[in-house]
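# A look at the structure
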Amino acid sequence: MLKCDLHIHSKYSFDSLADPEKIVDLALARGLRCVAIADHGNMAGSREAQKYIQEKNLPIIAIPAEEVKSKQGDILALNIKEPIPDHLPAGETLKRIKGQNGLAVIAHPFGSFCGFKENLGNYLGQFDGVEILNGSVFSGNEKAEDFAQKHNLPFTAGSDAHFANRFVGSVWLELPLDWSPNLTPGQIIAAIKQKTGKTGGAFQPFLSKAIDHSFRSLAKLKILFGKNQ
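These notes cover the structure that comes with them. The structure presented is a predicted model; accordingly, all values stated were derived computationally and were not measured.

Using the criterion set out here, one finds seven salt bridges in the structure. Asp19 is the partner of Lys22 in a salt bridge, and the nearest nitrogen-oxygen pair spans 4.0 Å. When salt bridges that share partners are traced, they join Lys11, Asp19 and Lys22 into one network.

Given below as structure tokens:
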């Protein structure tokens, strides 16, 4: 079985300070064999992780990914080739992900303060699946799982970790695949589409989540400092 954390952020997100290399090392130490570093608005962290894995010949795969902020909500773009700009209408964002043969997954669709801003049912047929287990939200996972079951949709899981800490690999999607150096992102995407995976892991305590979100706010200050240098 292949354990995957399909939603992680690195220092290339505006609210994160984590080095992609440290994320990869931590994921490996926790038994993961697949990660998706899906930074806000870019693929730099994803590409850096892939380069590090290749140079060190590590037994893990990094799926090319980005978390795209559409006008209606956040969308995970998995196995894409080029970054997709933020702030487009959700329909256009989804169209561009599909145009790259990527997997379009609605991130934390019913999360408090971060959920999808329109009736998700209106977009059925335009996206591929939903994130039913997000390790960082305070609520909404149960509703996301119910939505996926009701509409027979593929699903993913991810820690939504923003730092190289205990959030990485705290939750995961387990797929019926064996690790191999020849394993490809396409094979992992195909397994997700088959809906044969299962979620696992343990939630962090409420206080840990609250502290983590506070540190994300502090991390945003790096942009201000960078502009003033």
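Moving on from the model shown.
This next bit is on the side chain of Gln100. One can find Gln100 in the loop between α3 (90-99) and β6 (103-106). Gln100 has contacts with Asn79, Ile80, Lys81, Glu82 and Ile84, leaving out every residue within four places of it along the chain.

Next up on the list: the nonpolar core. Counting 46 residues, the largest nonpolar core has Phe127, Val130 and Ile188 as its most contacted members. For Phe127, the residues in contact, after removing those within four places along its chain, are Leu94, Ala104, Ile106, Leu120, Phe147 and Leu153. Listed in part, the 20 residues of the second largest apolar core include Leu32, Ile37, Val168 and Trp172.

Strand order in the open sheet formed by five strands is β3-β2-β1-β9-β10, with mixed pairing between adjacent strands. Looking at the sheet topology across the chains shown, the edges are occupied by β3 (61-62) and β10 (198-201). Across four bridges, strand β9 (residues 171-175) lies against β10 in antiparallel orientation. Its bridge partner being in β10, Glu174 is matched across the sheet by Lys198. Contacting β1 (2-8), β2 (34-37), β3 and β9, helix α5 (residues 185-193) crosses the sheet at an angle of about 90 degrees to β9.

Here we take up the packing of helix α1 (residues 20-29) against helix α2 (residues 44-56). Interaxial distance between α1 and α2 falls to 8 Å at its minimum, and their mutual angle equals 60 degrees. Between α1 and α2, the interaxial angle falls into the category oblique. Seen from above, α1 lies across α2 with right-handed handedness. Residues Pro20, Glu21, Val24 and Asp25 of α1 form the contact with α2, whose participating residues are Gly45, Glu48, Ala49, Tyr52 and Ile53. Of the residues contributing to the contact of α1 with α2, the split by class is five nonpolar, one polar and three charged.

In an α-helix, one turn spans 3.6 residues, which is why side chains three or four residues apart end up on the same side. The end-to-end C-alpha distance of α2 is 18 Å, a good match for the 18 Å that 13 residues give at a rise of 1.5 Å each. If you check which residues of α2 are buried, you get Gly45, Ser46, Glu48, Ala49, Tyr52 and Ile53. Projected onto a plane normal to the axis of α2, the buried residues spread over an arc of 165 degrees and lie on a single side. What points out from α2, more than 90 degrees from its buried face, is the exposed set Lys51, Gln54 and Glu55. Residues of α2 that are buried make contact with α1, β2, β3 and β4 (65-69). Taken from the residues just after α2, Asn57 is the one with a positive phi, measuring 55 degrees.

On to unusual backbone geometry, then. Backbone geometry at Phe113 places phi at a positive 70 degrees, although glycine is not the residue there. With respect to the element layout, Phe113 can be found in the loop between β6 and β7 (129-134). By relative accessible area, which is 86% here, Phe113 ends up exposed. For Asn152, which is not a glycine, the phi torsion comes out positive at approximately 55 degrees. Position of Asn152 among the secondary structure elements: in the loop between α4 (141-150) and β8 (155-158).

Rules used in this analysis
Residues numbered from 1 in each chain as written. Predicted model: local features only at pLDDT ≥ 70, side-chain atom pairs only at ≥ 80, totals over all residues. Heavy atoms only, no water. Salt bridge = Lys/Arg side-chain N within 4 Å of Asp/Glu carboxyl O. Helix = DSSP H or I, 4+ residues; strand = E, 2+ residues; numbered from the N terminus. Contact = heavy atoms within 4.5 Å. Core = buried A, V, L, I, M, F, W, Y, C linked by side-chain atoms within 4.5 Å. Buried < 20%, exposed > 50% of the residue type's maximum accessible area, 1.4 Å probe, protein only. Pairing = 2+ DSSP bridges. Axes fitted to C-alpha atoms, helices over the stretch in contact; angles between N-to-C directions. Parallel < 35°, antiparallel > 145°, perpendicular 65-115°, else oblique. Left-handed = near helix turned anticlockwise from the far one by under 90°. Nonpolar A, V, L, I, M, F, W, Y, C, P; charged D, E, K, R; others polar. Expected span 1.5 Å × (residues − 1). Arc of directions from axis to C-beta.

Limitation: the analysis is restricted to geometry and does not speak to function.
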